[in-house]
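# Secondary and tertiary structure notes
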Amino acid sequence: MQDITCTLSATGLRDRRSAWLKVGRHVAASEAVPGGIGLTFTVVPGLRESLAELVRREAECCAWMRFAMADVPDGIRL
């Protein structure tokens, strides 16, 4: 098992949490998937870009996390 250690500063962690909570307001559905959780977001202006930026930033500090983003009929799947 791999240790999970956050490399963000307290301020960085607070900002990241705030960003996730902001996009989280648009979650329309969630479900367990192998190894994690799948989220479906309703499409609102700027959301796709915000999600892509969050995924990019998470990859910089949390290499153990894996994301896949796709358009689905009812929104954006992460």
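Below is a short write-up of the structure.

About the criteria used
Residues numbered from 1 in each chain as written. Predicted model: local features only at pLDDT ≥ 70, side-chain atom pairs only at ≥ 80, totals over all residues. Heavy atoms only, no water. Pairing = 2+ DSSP bridges. Helix = DSSP H or I, 4+ residues; strand = E, 2+ residues; numbered from the N terminus. Expected span 1.5 Å × (residues − 1). Buried < 20%, exposed > 50% of the residue type's maximum accessible area, 1.4 Å probe, protein only. Arc of directions from axis to C-beta. Contact = heavy atoms within 4.5 Å.

Bridge analysis of strand S1 (residues 27–33) against strand S2 (residues 36–41) gives six bridges, and the strand direction is antiparallel. Bridge pairing links alanine 32 to isoleucine 37 in S2.

Further remarks concern helix H2 (residues 47–61). End to end, H2 covers 21 Å across 15 residues, agreeing with the expected 21 Å (1.5 Å per residue, within 8%). Taken together, the buried positions of H2 are Leu47, Leu51, Leu54, Val55, Glu58 and Cys61. Angularly, the buried residues of H2 cover 135 degrees about the axis, an arc narrow enough to put them on a single face. Residues of H2 that are exposed and angled more than 90 degrees away from the buried face: Glu49 and Glu60. The elements touched by buried residues of H2 are helix H1 (10–24), S2 and strand S4 (75–77).

Compared with the 21 Å implied by 1.5 Å per residue over 15 residues, the 21 Å span of H1 between its first and last C-alpha is a close match. When we look at burial in H1, the residues that qualify are Gly12, Arg16 and Val23. An end-on view of H1 places all buried positions within 30 degrees of arc, on one side of the element. The exposed set on the far side of H1, more than 90 degrees from its buried face, consists of Ala10, Arg14, Arg17 and Lys22.

Just geometry here; none of it tells us what the structure is for.
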